[in-house]
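Fold and geometry: a report
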Amino acid sequence: MKRAIFGFAAAALLALPVLALAPMSGLQPGEMTSAFEPTHIAGPDKGTETCPVCKYGNRPAIQVWNTGDDQSNIVAMLNHLDNKVANSKHELKAFEVRVTSCEACVSDNGEIAKMVKGGNVGITQIPSTSEAVKAYKINTDGSVKNTVIVYRNRKVVANFVNLKADKEGLAKLDAAIAKVDN
């Protein structure tokens, strides 16, 4: 019996470092979003530097901060969000915020925009040196591919790091969206 308890305790202690190594990124639930001015590559505000937080105010919204995610994962997530925005009860908004290594860089956002079917999701970019990256606590370490922030009334309700656009990941995202778009 003592061995079983010791074995369980040892296993629990070994799991702690794994939990501690999970990457942290983005504003956490309860924190407030702030203004920032990304360059809009596609979507409702294309060609502007409109602040999505300011323009869409207290509406429910999702920001997908892309710091190096696989294109197929981002496209799947944005198409899922495009459908959610199109069928929203409360004018849900969604944006990809592409974090780039330089201010003048326009990466493959144009290609991604062509792959997002409905045009309801804003595709934006912002340099990694922007104050917004710091204000939103976005981790730009290579271990973080994306940070998804779900909020309403500018207050964060959910945060996901390295969200996969698979059945399980999208179910978690849908549950968070249901909390803000009800």
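Residues numbered from 1 in each chain as written. Predicted model: local features only at pLDDT ≥ 70, side-chain atom pairs only at ≥ 80, totals over all residues. Heavy atoms only, no water.

1. Remarks on the overall build of the chain
The condition is simple: Numbering goes from the N terminus for both helices and strands, where a helix is a DSSP run of H or I of at least four residues and a strand is a run of E of at least two. Classification of residues uses two cut-offs on accessible area relative to the type maximum, computed with a 1.4 Å probe and protein chains only: under 20% is buried, over 50% is exposed, and between them is partly exposed. Residue contacts are counted whenever heavy atoms from the two residues lie within 4.5 Å of one another. Using a 1.4 Å probe, accessible areas were evaluated by the Shrake-Rupley method; residue-level cover was limited to the displayed protein chains.
From N to C terminus, the chain includes 6 helices and 6 strands. Counting helices and strands in the order they occur from the N terminus, the chain gives α-β-α-β-α-β-α-β-α-β-β-α. Across the 182 residues that make up the chain, the buried fraction comes to 43%. For the chain, restricting intrachain contacts to residue pairs at least 6 apart in sequence, the fraction spanning at least 24 positions comes to 71%. By element, 57% of the accessible surface of the chain is carried by carbon and sulfur atoms, the whole surface being about 9600 Å².

2. A few points about unusual backbone geometry
In the Ramachandran plot, K137 falls in the positive-phi region, its phi being about 60 degrees despite a non-glycine side chain. As for its placement among the helices and strands, K137 is situated in the loop between helix 5 (131-135) and strand 5 (146-152). Owing to a relative accessible area of 44%, K137 belongs among the partly exposed residues under this scheme. Although it is not a glycine, N162 sits at a positive phi angle of roughly 60 degrees. You can see N162 is positioned in the loop between strand 6 (155-161) and helix 6 (167-180).

3. Quick word on the environment of V75
On the secondary structure map, V75 appears in helix 3 (residues 71-86). Each C-alpha atom, one on V75 and one on K114, is 9.7 Å from the other, the two residues being 39 residues apart in sequence.

4. Things to note about the pattern of salt bridges
Between side chains of opposite charge, a pair can form when the charged atoms approach closely. What counts, and what does not: The term salt bridge refers to a pairing of a side-chain nitrogen on Lys or Arg with a carboxyl oxygen on Asp or Glu at a separation within 4 Å.
Taken as a whole and assessed by the stated rule, the structure comprises 7 salt bridges. With its nearest N and O atoms 2.5 Å apart, the salt bridge here joins K55 to D45. One end of the pair, K55, is in helix 2 (residues 52-56); the other, D45, is in the loop between strand 1 (39-42) and helix 2, with 10 residues separating them in the sequence. Here K55 falls in the partly exposed class, since its relative accessible area comes to 44%. Of the charged contacts, one joins K134 and E131 as a salt bridge, the two residues approaching to 3.5 Å between their closest N and O atoms. Taken together, the positions of K134 and E131, both in helix 5 and 3 residues apart, correspond to about one turn of that helix.

5. Considerations on the sheet that holds strand 4 (residues 122-127)
Our working definition: Here, strands pair whenever DSSP counts at least two bridges between them. Under this scheme, a helix contributes an axis fitted over its contacting stretch, all axes are lines through C-alpha atoms, and angles between N-to-C directions fall in the 0 to 180 degree range.
Across the sheet, which stays open at both edges, the 6 strands sit in the order 1-4-3-2-5-6 with mixed pairing between neighbours. Because the sheet does not close on itself, it has two edges, and the strands there are strand 1 and strand 6. Averaged over all pairs of adjacent strands, the angle between strand axes in this sheet comes to 25 degrees, irrespective of strand direction. Bridge analysis of strand 2 (residues 61-66) against strand 3 (residues 93-100) gives 6 bridges, and the strand direction is parallel.

6. Some details on helix 6
For the record, the criterion: Helix span is expected to be 1.5 Å times the residue number reduced by one. This arc is taken over the directions from the axis of the helix to the C-beta atoms.
When the terminal C-alpha atoms of helix 6 are compared, their 20 Å separation across 14 residues agrees well with the 20 Å that a helix rising 1.5 Å per residue should span. All of the buried residues in helix 6 are G169, L170, L173, A176, I177 and V180. The buried residues of helix 6 all sit within an arc of 120 degrees when viewed along its axis, so they share a single face. Projecting away from the buried face of helix 6 at angles above 90 degrees are the exposed residues K167, E168 and K179. Along its buried surface, helix 6 packs onto strand 2, helix 3, strand 5 and strand 6.

Limitation: the analysis is restricted to geometry and does not speak to function.
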